[in-house]
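Chain residues, written in single-letter form:
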Amino acid sequence: MSLVFDDLHKRFGVIRALDGLSLEIPKGHIYGFLGANGAGKTTTMRIALGVLRADSGALTWDGADHRSLSRATWGYLPEERGLYPKMTVLDQLVFFGRLHGMPADRAARTANEWLTRLRVPDFATRKAGELSKGNQQKVQFLAAVIHDPEILLLDEPFTGLDPVNVVLLREAILELRARGKTIVLSTHQMETVEAMCESIAIIDQGRTVIDGPLQDVRRSTGRQSVILATEIGHSLAWTGDLTGVRVIRPGIDRVELGLDPGVDPDSVLKAAITRHVPVRHFEVADPSLEQVFIELVGHPPDMDTSLAPIVDHGAGLDTDVDPDASTQENPAA
Amino acid sequence: MTERPSDRPDPILPNAGIVARREFTERVRSRPYAASTLLLSLLAIFVAFLPIMIRLIDRDTTTTIAIIADDVSLAQRSESIMRGVLSTTSGGSPDTWVFTIQTDREAVKSDVSEGRLDGALFATRGASGRLEFTFLTGQGLGADRTQFVAIGTFAVAFLEWTDLVQPSGEVPFLPPTLQVLAGAGPTAGGVPLAATEIASRQLLGTVLIVILFLTMTIYGMWVAAGVAAEKETRVMELLISAASPRQLVLGKVVGIGLAGLLQYIAILVPAMIALALQHPIAELLGLGSGINPPLSGITAGFIVAYGSFFVLGFTLYALIYAAAGSLVSRVEDLQVIALPMSLLGIAGYIQAVLALSGGLSGFIRLASFIPFWSPFVMFTRLTVGRVEPWELILAYGLLIVSIVLVAALAIRVYAAGVLLYGQRPGPRRILRAVINPNG
């Protein structure tokens, strides 16, 4: 039993939003849906919900065409947050629950239970417009799950939440997974995906670049990475000169290095010992998801939000920043 | 996979009902609703009392009436008696009434119809000796003055009998006949209406048309603003995943329509009370009974016709407003849409007002079948004129067919419009949305 997107195509005028996107999401999984802005994530979700129709391709759940399914099969947390500002939280949750076929009394009971679980039972009687953005987001999450849908499509669910609420929401999502729900997490946040998802897909320009279990995707490039730490006062700048080795995260006494396929991680340790560097930490790991993404797509998922490289016109910005490093380094990650 | 998204099993109910209920509750509980209800009630009462105020101000206005008689002596007698009697009876200054003796009937008729004369009195002596008067009333001649003329003609006949006939003692007094014809007013399918009837119907028609126009425009804007606000607050993103465009559009139109209907009743009831009080207040102010009681023309059929024109007219306009609201990203941008929509309504309203005061030109008859105008114009024709049953059926039929077509188009535009942000609606975009809502 799975959610299958088969060769979806969608154009908006001259823009090709989806160009043969195919995925298979196993039932009961938390599935990471990774892509830069404009990659086609929201369009795919809107097609699943029936808000848009694909130009061609098929979308099935357990073999059944998605258009034959009731709307209540889906729960959707859109990236654009919004509620009725003058309506109380309870009234809106009941409203959305009823639109999905719940009787009013059951919707009210479930809404109150969820508000209590998220530690905000007093929100029930407050107007949405009086709540902070983060709290409105929690309410909107409840609007997506109140009717207990089989499939949850969550578009950037953690953006704008403080760390405490991120933890609360993560727990809620994991609990829904434990109850057998299939959850699609669309996000830029690699760390979230690595922590929460069993399987992922990376999409770019409307196409699936890679998909599968998280571990397989991380190993798909054939690269490994090494984390090397030394005592303060011993430079690690030499690591960048090693053959087949790139500095992914530079630092004074700690670096993360990316190794080209075929490069033995032990060669880095040997080079350190040869240079009499007192090694305090040496770790061989799969590359981070972000590294895989950059390698496969060519830029970080949230490139739009990272600084553009400095252009030196010879007018005096004295910097040693490597232009390539700024595109590789993702300050948000 | 070429079917429309609405191929999903999405029956209109119960979701349209749930949306309608939310819209109704939110609207009725809002402060602007209470404020506009109060304001519109006061406006309707003001319009209902306007004729009394005008008559109060008009009390000293000079009324010029031409007299045309079979013979010179009858003309002179009529002129002197009418002048004397009416100046006394109406209580105005001596120049309130001016009577002029004239001879050219056709010239006088045209003067009345074009407003150079307020009226014309034709006097003839019948074979039996009875005086027969025909009073041609001009535009703006209140029905109260027509009644004074009636009193004057009675005085002319009575004095003529006492002076000329009665001395012989053989002929009993024969009360004069008086036929009142509208020289410039509505002609009700060629059948002249009594002036008192015209005045009463015009008053009722004006009050009802003003309310119809105001409420349809205001409620239409409520629908557009509601849709635009859902986009602006981005709650639309949640809504479109929970209900189909058809359920959302119809729910919104019905919910706001019911809130409007409730307000409508709240406006209409005091306006009707004001109209009912018209008669006693006029008498209290010494303005004479003037016109027929304005509510005397209201029948059950009339109320059904008015109610159905309101409901159908509102539905037609509201569907377009809903589609229009979906094309803007912010409520402020609605001004782009509000103007052309208001102009469409005003065009119908003006024709309705013309039909109220003038005859029934070919264009107004045609306008009374055009769906965007028929709620105003056909209703006006019902108020002051005669409408054939087939004409009424045709107007309703065209209105209902247009609602179905416009609903289909509006839902397509809405389905596309709610996903668009940051662009102003232009004709090309609207057309593209209608042709391919998902493109």
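Residues numbered from 1 in each chain as written. Chains lettered and ligands numbered in written order. Predicted model: local features only at pLDDT ≥ 70, side-chain atom pairs only at ≥ 80, totals over all residues.

**A word on the overall build of chain A**
If you tally the helices and strands in chain A, you get ten helices and 14 strands. Counting every position in chain A, which comprises 333 residues, the buried fraction comes to 41%. (Helix = DSSP H or I, 4+ residues; strand = E, 2+ residues; numbered from the N terminus. Buried ≥ 20, exposed ≤ 12 C-beta atoms within 10 Å, placed from the backbone.)

**With respect to the overall build of chain B**
A count of helical and extended segments in chain B gives 14 helices and five strands. In chain B, which comprises 439 residues, the proportion classed as buried is 44%. When contacts within chain B are restricted to residue pairs at least 6 apart in sequence, those whose partners lie at least 24 apart make up 78%. (Contact = placed C-beta atoms within 7 Å.)

**Description of the pairing of strand 3 (residues 119–125) of chain B**
Residue and element names in this part refer to chain B. Of the pairings in the sheet, the one linking strand 1 (residues 63–69) to strand 3 comprises five bridges and is parallel in character. Within the sheet, the bridge partner assigned to I65 lies in strand 3 and is G119. Two elements, strand 3 and strand 4 (residues 131–137), share seven bridges in a ladder whose sense is antiparallel. Of the residues in strand 4, the one forming a bridge with F122 is T134. (Pairing = 2+ DSSP bridges.)

**Digging into the sheet that holds strand 5 (residues 177–182) of chain B**
Residues and elements named next belong to chain B. The five strands are arranged 2-1-3-4-5 in an open sheet whose pairing can be described as mixed. Lying at the two open borders of the sheet, with one neighbouring strand each, are strand 2 (97–101) and strand 5. Strand-to-strand, the axes of this sheet are offset by a mean angle of 20 degrees, without reference to chain direction. Helix 4 (residues 105–113) contacts strand 1, strand 3 and strand 4 of the sheet and is inclined by roughly 150 degrees relative to strand 3. (Axes fitted to C-alpha atoms, helices over the stretch in contact; angles between N-to-C directions.)

**Concerning the interface of chain A and chain B**
In this assembly, 31 residues from chain A lie in contact with 22 residues from chain B. For the side of chain A that touches chain B, the elements supplying multiple residues, two or more each, are strand 4 (56–61), strand 6 (74–77), helix 2 (89–99) and helix 4 (133–145) of chain A. No other element matches helix 2 of chain A, which puts four residues into the side of chain A that touches chain B.

**Notes on the packing of helix 9 (residues 300–326) of chain B against helix 12 (residues 374–384) of chain B**
All names here are of chain B. Running from amino to carboxyl end, helix 9 crosses helix 12 at an angle of 175 degrees, the nearest separation of the two axes being 10 Å. The orientation of helix 9 relative to helix 12 falls into the category roughly antiparallel. Between helix 9, through A305, Y306, F309, L312 and G313, and helix 12, the contact on the second element is made entirely by P375, F379 and L382. Across the contact of helix 9 with helix 12, the residue classes tally to seven nonpolar, one polar and no charged. (Parallel < 35°, antiparallel > 145°, perpendicular 65-115°, else oblique. Nonpolar A, V, L, I, M, F, W, Y, C, P; charged D, E, K, R; others polar.)

**What about the sheet that holds strand 6 of chain A?**
All names here are of chain A. Spatially, six strands are ordered 6-7-8-3-9-10 in an open sheet, and the strand pairing comes out mixed. Across the chains shown, the open sheet's two edge strands, defined by having one partner strand only, are strand 6 and strand 10 (207–213). Here the average twist between neighbouring strands, direction ignored, is 15 degrees. Packing of helix 5 (residues 163–178) onto the sheet brings it into contact with strand 3 (30–34), strand 7 (151–155) and strand 8 (182–187), and relative to strand 8 it is tilted by some 145 degrees.

**Some details on the confidence of the model for chain B**
Residues and elements named next belong to chain B. Looking at chain B, the pLDDT average stands at 79 and 79% of residues meet or exceed 70. Note on residues 1–6: pLDDT is under 50 here. Beyond four places in sequence and across chains, it has 13 contacts. Note that residues 187–192 has pLDDT below 50 and, in this model, 13 contacts with residues that lie over four places away or in other chains. With a pTM of 0.73, the predicted complex shows an ipTM of 0.76. (pLDDT = per-residue confidence, 0-100.)

**Describing the pairing of strand 6 of chain A**
All names here are of chain A. Along strand 6, one buried face is formed by W74 and Y76 and the opposite face, lined by G75 and L77, is buried too. Across four bridges, strand 6 lies against strand 7 in parallel orientation. The partner of G75 across the bridge, within strand 7, is L152.

**Overview of the packing of helix 1 (residues 15–29) of chain B against helix 8 (residues 245–284) of chain B**
All names here are of chain B. In the contact formed by helix 1 and helix 8, the axes pass within 7 Å of each other and the chain directions differ by 40 degrees. Here helix 8 runs oblique to helix 1, going by the angle between their axes. Seen from above, helix 1 lies across helix 8 with right-handed handedness. From helix 1, N15, A16, G17, V19, A20, R21, R22, E23, F24, R27 and V28 reach across to helix 8, where they touch Q247, L248, L250, G251, K252, V254, G255, I256, L258, A259 and L262. Across the contact of helix 1 with helix 8, the residue classes tally to twelve nonpolar, five polar and five charged. (Left-handed = near helix turned anticlockwise from the far one by under 90°.)

**What about unusual backbone geometry?**
With omega at 5 degrees, the peptide bond leading from L13 of chain B into P14 of chain B counts as cis. When you line up the elements, P14 of chain B lands in the segment before helix 1. The backbone of E156 of chain A shows a phi angle near 50 degrees, a positive value even though the residue is not glycine. You can see E156 of chain A is positioned in the loop between strand 7 and helix 5.

**Description of helix 5 of chain A**
All names here are of chain A. Helix length check: helix 5 (16 residues) gives 23 Å between terminal C-alpha atoms against 22 Å at 1.5 Å per residue, within 8%. Where helix 5 is concerned, the buried positions are N165, L169 and I173. Projected onto a plane normal to the axis of helix 5, the buried residues spread over an arc of 75 degrees and lie on a single side. Turned more than 90 degrees away from the buried face of helix 5 sit P163, V164, V167, E171, E175 and A178, all of them exposed. Its buried side turned inward, helix 5 meets strand 3, helix 4, strand 8 and helix 6 (190–196). G180 occupies a position one or two residues after helix 5 and carries a positive phi of about 90 degrees. (Expected span 1.5 Å × (residues − 1). Arc of directions from axis to C-beta.)

**Details of the environment of A143 of chain A**
Along the chain, A143 of chain A falls in helix 4. The class for A143 of chain A is buried, based on 28 C-beta atoms found within 10 Å. Expressed as a C-alpha distance, the spacing of A143 of chain A and V89 of chain A, which sit 54 residues apart in the sequence, is 9.6 Å. Setting aside its immediate chain neighbours within four residues, A143 of chain A contacts Q92, L93 and F96 of chain A together with L238 of chain B.

**Some details on the environment of E290 of chain A**
If you trace the backbone, E290 of chain A turns up in helix 9 (residues 289–297). Each C-alpha atom of the pair E290 of chain A and Q189 of chain A lies 9.0 Å from the other, and the pair is 101 residues apart in sequence.

**What to know about the confidence of the model for chain A**
All names here are of chain A. The share of residues in chain A with pLDDT of 70 or more is 90%, and the mean pLDDT across the chain is 85. Looking over chain A, one finds the lowest element-wise mean pLDDT in helix 10 (residues 323–328), namely 34, and the highest in helix 2, namely 96. Confidence over residues 314–333 falls short of pLDDT 50; this stretch has 23 contacts with residues more than four positions distant or in other chains.

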